[in-house]
Amino acid sequence: MASVTLLVVVLGGIYFLRQATMSTHYATGADSRLVVVVQAASNRAEPRTTLHELAEAQVSTCVLHVASERDGEVEPVPGTDDRFMVTLRPSLDSTDRKQYEGCVEDWSVDHLRLHVVSMTDEVAR
Amino acid sequence: MKAIAWLVAGATLVAAAVYTVVSLARWEWNRALFFAIVFVAAEMGLAVALVLHRLARVEAMVTDLPPPDSGARRALRDTRDEQERFAWLRVDPTDVVGRTSVFITLLVGGGVLLSGGAWLIDKLASSTVDPRREQRLGRELDAIAYRPGLLVDEVDVLARPSLDRDDPRVRSFLGSSR
């Protein structure tokens, strides 16, 4: 009984690791778009550097890691001081979403921390 | 205090390992690198602390060992043959016959030293005569040797019972000596 349980746990662990780590890419449509909203916070940044510039730098750099491009500028979310949004075209598959989110929330730019608030598929106009 | 240090180090190691794996799963490479460095640092610290702890234990064990004067060493020391070294140097003032021991030794030693010195001098002297020196000496002797053809001297000529004046060498010698 114990050996069966151990076997199930091992196989389940392997399956979980496979699902969590294996990259699976698929087409999302050339006209599809993804709106990413991030929340930014900075600590002891350079006086002339704005939070908007820091967020734009990291968000734009991370686009280079996925199969998409920035559609438009990185803009502040209306009514907020620390949230910014960027539109990616085409949209990202599930693996690219994980990768983009990880890149955006990584410690890449000094004095900046970003948190992905939402990633919303936008219906093509 | 030591327990707290061990606990903190162990917790740091585990937390760093967990965060490294989580960061890798989230595609956060810089975070993963940072936590991996923390993990390695904690691991090294723990390893060094463990080695030092073991060394301290060994040191304490060595310190607690009994002194090295064990029974075996004591038995060896007690049964050791007490040799009297340089006994021949010791002079008994009452022993008149045995007093020559040092003298004989010095005599023999002096003989050896003298023989060695003579051998050295002989070697040095023989080294002063070499083929080059002989060649130079031969050249110097050649310079003062009689010229070829001049085989008689004045003493030989006068010692002869009758002079053979027909001998051109005699005529030449007598002519040159006049």
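Residues numbered from 1 in each chain as written. Chains lettered and ligands numbered in written order. Predicted model: local features only at pLDDT ≥ 70, side-chain atom pairs only at ≥ 80, totals over all residues. Heavy atoms only, no water.

Caption draft 1: Inspection of the overall build of chain B at higher detail. Secondary structure summary: chain B contains seven helices and zero strands in total. N-terminal to C-terminal, the α/β element order of chain B is α-α-α-α-α-α-α. Taken over 178 residues, chain B has a buried fraction of 8%. (Helix = DSSP H or I, 4+ residues; strand = E, 2+ residues; numbered from the N terminus. Buried < 20%, exposed > 50% of the residue type's maximum accessible area, 1.4 Å probe, protein only.)

Caption draft 2: Here's a closer look at the state of the cysteines. Residue and element names in this part refer to chain A. With the rule as written, the count across this model stands at one disulfide over all chains. Linked covalently through their sulfurs, Cys 62 and Cys 103 form a disulfide whose S-S length is 2.0 Å. Its S-S torsion of approximately -80° makes the covalent link between Cys 62 and Cys 103 left-handed. Here Cys 103 lies in helix α3 (residues 94-105) and Cys 62 lies in helix α2 (residues 51-63), a separation of 41 residues in the sequence. The class of Cys 103 is buried, set by a relative accessible area of 9%. (Disulfide = S-S within 2.5 Å.)

Caption draft 3: Region of the structure containing the packing of helix α1 (residues 2-25) of chain B against helix α2 (residues 29-64) of chain B. All names here are of chain B. As a packed pair, α1 and α2 sit with axes 8 Å apart at the nearest point and diverge in direction by 150°. As summarised for this structure, α1 and α2 are arranged roughly antiparallel, according to the angle between their axes. The way α1 lies across α2 gives a crossing that is left-handed. The residue inventory of the contact of α1 with α2, partitioned by class, reads 17 nonpolar, five polar and two charged. (Axes fitted to C-alpha atoms, helices over the stretch in contact; angles between N-to-C directions. Parallel < 35°, antiparallel > 145°, perpendicular 65-115°, else oblique. Left-handed = near helix turned anticlockwise from the far one by under 90°. Nonpolar A, V, L, I, M, F, W, Y, C, P; charged D, E, K, R; others polar.)

Caption draft 4: Highlighting α1 of chain B. Residues and elements named next belong to chain B. With 24 residues, α1 should cover 34 Å at 1.5 Å per step; its first-to-last C-alpha distance of 35 Å lies within 8% of that length. Here α1 has its buried residues at Ala 16, Thr 20 and Ser 23. Where α1 is buried, its residues meet α2. With its phi angle positive at about 65°, Trp 27 sits one or two positions after the end of α1. (Expected span 1.5 Å × (residues − 1). Contact = heavy atoms within 4.5 Å.)

Caption draft 5: Quick look at the interface of chain B and chain A. Each side of the interface is counted separately: chain B has eight residues, and chain A has 11 residues. For the pairing of chain B and chain A, the buried interface totals around 900 Å² over both sides, and the portion due to carbon and sulfur atoms is 51%. Sorting the residues of chain B by area buried against chain A places Trp 27, Asn 30 and Arg 31 of chain B first, and these three jointly supply 68% of that buried surface. Taken together, chain B and chain A are joined by zero salt bridges. Broken down by class, the residue content of the side of chain B that touches chain A amounts to four nonpolar, one polar and three charged. (Buried area = accessible area lost by both parts, 1.4 Å probe. Salt bridge = Lys/Arg side-chain N within 4 Å of Asp/Glu carboxyl O.)

Caption draft 6: Molecular detail of the pattern of salt bridges. Here the structure, examined in full by the defined rule, presents seven salt bridges over all chains. Here Glu 56 of chain A and Arg 70 of chain A are joined by a salt bridge, their closest N and O atoms 4.0 Å apart. Within this pair, whereas Glu 56 of chain A is found in helix α2, its partner Arg 70 of chain A is found in strand β2 (residues 69-70), the two being separated by 14 residues in sequence. Relative accessible area serves as the criterion here: at 24%, Glu 56 of chain A is assigned to the partly exposed category. Put simply, Arg 31 of chain B and Glu 28 of chain B hold a salt bridge, and the shortest N to O gap is 3.8 Å. Relative accessible area serves as the criterion here: at 15%, Arg 31 of chain B is assigned to the buried category. Looking at Glu 28 of chain B, the relative accessible area reads 2%, which means it is buried. Connected via shared salt-bridge partners are Arg 33, Asp 71 and Glu 122 of chain A.

Caption draft 7: A look at the environment of Thr 95 of chain A. Relative to the elements of secondary structure, Thr 95 of chain A occurs in helix α3. In this structure the C-alpha to C-alpha distance between Thr 95 of chain A and Thr 24 of chain A, which are 71 residues apart in sequence, comes to 6.0 Å. Apart from residues no more than four positions distant in its own chain, Thr 95 of chain A is found in contact with Met 22, Ser 23, Thr 24 and His 25 of chain A together with Trp 27 of chain B. Among the polar contacts listed, one links the side chain of Thr 95 of chain A to the backbone nitrogen of Thr 24 of chain A, at a separation of 2.9 Å. (Polar contact = N/O pair within 3.5 Å; in protein donor to acceptor, adjacent residues only side chain to side chain.)

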